[in-house]
Amino acid sequence: MRHHTTFRQLEIFEAIARLGSFTRAAEELYLTQPTISMQMKKLADIVGVPLIEQVGKKVQLTDAGRDLAQASREVFGVMDRFTMAVAERQGLKKGRLALMAVSTASYFAPRLLGEFAHQYPGIEVSLKVTNREQLLEGLADRLADLYILGQPPEDVAVEARPFMCNPLVVLAAPGHPLAGAEDIPLARLAEEPWLLREPGSGTRAAVERLFAEEGIELRPRMALGSNEAIKQAILAGLGIAVMSSHSLALNPPGQFAVLKARGFPICRQWYAVYPAGRELSVVARAFLDFLLDQERSQGACPDTP
Ligand code: PGA
């Protein structure tokens, strides 16, 4: 009966090829030298040509030996990937995923988290919703595995992966005098009473940055602590505001007028962020991949939505 090369023989052969010595291969594999010699003799018999030449004290590979060394590395590579894939699947059977998201992300993050939790029912998920400033404090204290926000921090070393468009638009009450106007200059917008988010909000920072870049002063009428409070204030005729169009997800179309202002929409993206150099858990990595799949299924961000 014809014999086949065993996995063990390949393992020994790979060690000899790599270390250039029977003695060191024997040490690494916790085998005796006669065992190694015997296995290598069997291997050469099965292959039918010499694989190793002894030159003085040194071990050298023949041409066939070099090919076999390459084949062995490939086999072990395939096996390593298989073992890792099994470990990953096991790792996703249970575990925890802690997320922190800025408040505006609360219009879509629970839905995404829900889909993920449905796919991996053994994983315990948690989502803490704060404004940008508190999220950055959480990042510094390593409170979560992943952080979702509208702009990566500039002064902290992070890995930041964009995964979804985030257009910021100007909202007004439907009957607002500017509602039908085209190409409204920023200076004209600045004359309106403005409703801003609380200090520390990423949305507020984006609005302030835009006006500051144009050298236009923005006089806020009122600061409110949430997007929902701002929406109510707009409908009450108290002013206009900039907000992510995601925050309109549950509002019927036409409930607000989206003003056609110059420089808008501000095209931002949503980012998933984690501290640079941090090894993500299997679960966090799977959720990040899940978020990046959203981007792939959505396609590239258009310039104007
Ligand atoms: P915010 O953040 O909810 O704190 O305004 C939104 C963002 O960063 O885009």
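Numbers given for residues are sequential positions, taken from 1 along each chain in its written order. In view of the model being predicted, local features appear only for residues whose pLDDT reaches at least 70, and side-chain atom pairs are presented and counted only at 80 or more, with totals across whole chains, interfaces and linings using the full set of residues. Side-chain measures here rest on the full set of heavy atoms in the structure, leaving out hydrogens and waters.

Quick word on the side chain of T130
Within the element layout of this structure, T130 appears in strand β4 (residues 123-130). Burial classes: relative accessible area under 20% of the type maximum marks a residue as buried, over 50% as exposed, and values in between as partly exposed (1.4 Å probe, protein chains only). Classification of T130 as buried rests on a relative accessible area of 9%. Any pair of residues with heavy atoms lying within 4.5 Å of one another is described as a contacting pair. Aside from chain neighbours lying at most four places away, what touches T130 is M100, A101, V102, S103 and L135. Elements are defined by DSSP. Helices are runs of H or I of four residues or more, strands are runs of E of two residues or more, and each kind is numbered from the N terminus.

As for the pattern of salt bridges
Whenever Lys or Arg places a side-chain nitrogen within 4 Å of a carboxyl oxygen from Asp or Glu, that contact is recorded as a salt bridge. This structure, assessed with the given rule, holds 15 salt bridges. Close ionic contact of R18 with E28 constitutes a salt bridge, the shortest N to O distance being 2.8 Å. You can see R18 sitting in helix α1 (residues 7-19) and its partner E28 sitting in helix α2 (residues 22-29), a full ten residues away along the chain. A residue is classified by how much of its surface remains accessible, and R18, at 44% relative accessible area, is partly exposed. Of the residues examined, E28 reaches a relative accessible area of 37% and is grouped as partly exposed. A salt bridge links R66 to D63; its shortest N-O distance comes to 2.6 Å. Remark: D63 and R66 occur in helix α4 (residues 63-91); sequence separation between them is three residues, near one turn of the helix. A single network of salt bridges, built from pairs that share partners, joins E14, R18 and E28.

Examining the pairing of strand β7 (residues 194-197)
Burial along β7 is two-sided: the face carrying W194 and L196 and the face carrying L195 and R197 are both buried. Looking at chain direction, β7 and strand β8 (residues 220-224) are connected through four bridges and run parallel. In the strand pairing of β8, L196 is matched with A223. Seen with its strands pointing away from the viewer, a crossover is right-handed when the path leading from the first strand over the helix to the second is clockwise. For the handedness criterion, the β-α-β arrangement of β7, helix α8 (residues 202-213) and β8 is classed as right-handed. Whether two strands pair comes down to DSSP finding at least two bridges between them.

Quick notes on the packing of α2 against helix α3 (residues 33-47)
Interaxial angles span 0 to 180 degrees and are taken between N-to-C directions of axes, which are lines fitted to C-alpha atoms, for helices over the stretch in contact. The contact between α2 and α3 brings their axes to 9 Å, and the two run at 110°. Taken together, α2 and α3 sit at an angle that is classed as roughly perpendicular. Contact with α2, carried on its side by F22, T23, A25 and A26, involves Q33, I36, S37 and M40 of α3 and no other residues of that element. Classification used: nonpolar for Ala, Val, Leu, Ile, Met, Phe, Trp, Tyr, Cys and Pro, charged for Asp, Glu, Lys and Arg, polar for all others including Gly. Of the residues that constitute the contact of α2 with α3, the class distribution is five nonpolar, three polar and no charged. Geometric relationships in this document are graded by angle, where less than 35 degrees denotes roughly parallel, more than 145 denotes roughly antiparallel, 65 to 115 denotes roughly perpendicular, and other angles denote oblique.

Things to note about the domain arrangement of the protein
One frequently used descriptor of interface size is the decrease in accessible area upon assembly of the parts. The split of the chain into domains comes from an automatic or database domain assignment. When the domains of the protein are assigned, the result is domain 1 (1-89), domain 2 (93-164 + 269-298) and domain 3 (166-268). The straight-line distance from the C-alpha centre of domain 1 to that of domain 3 is 69 Å.

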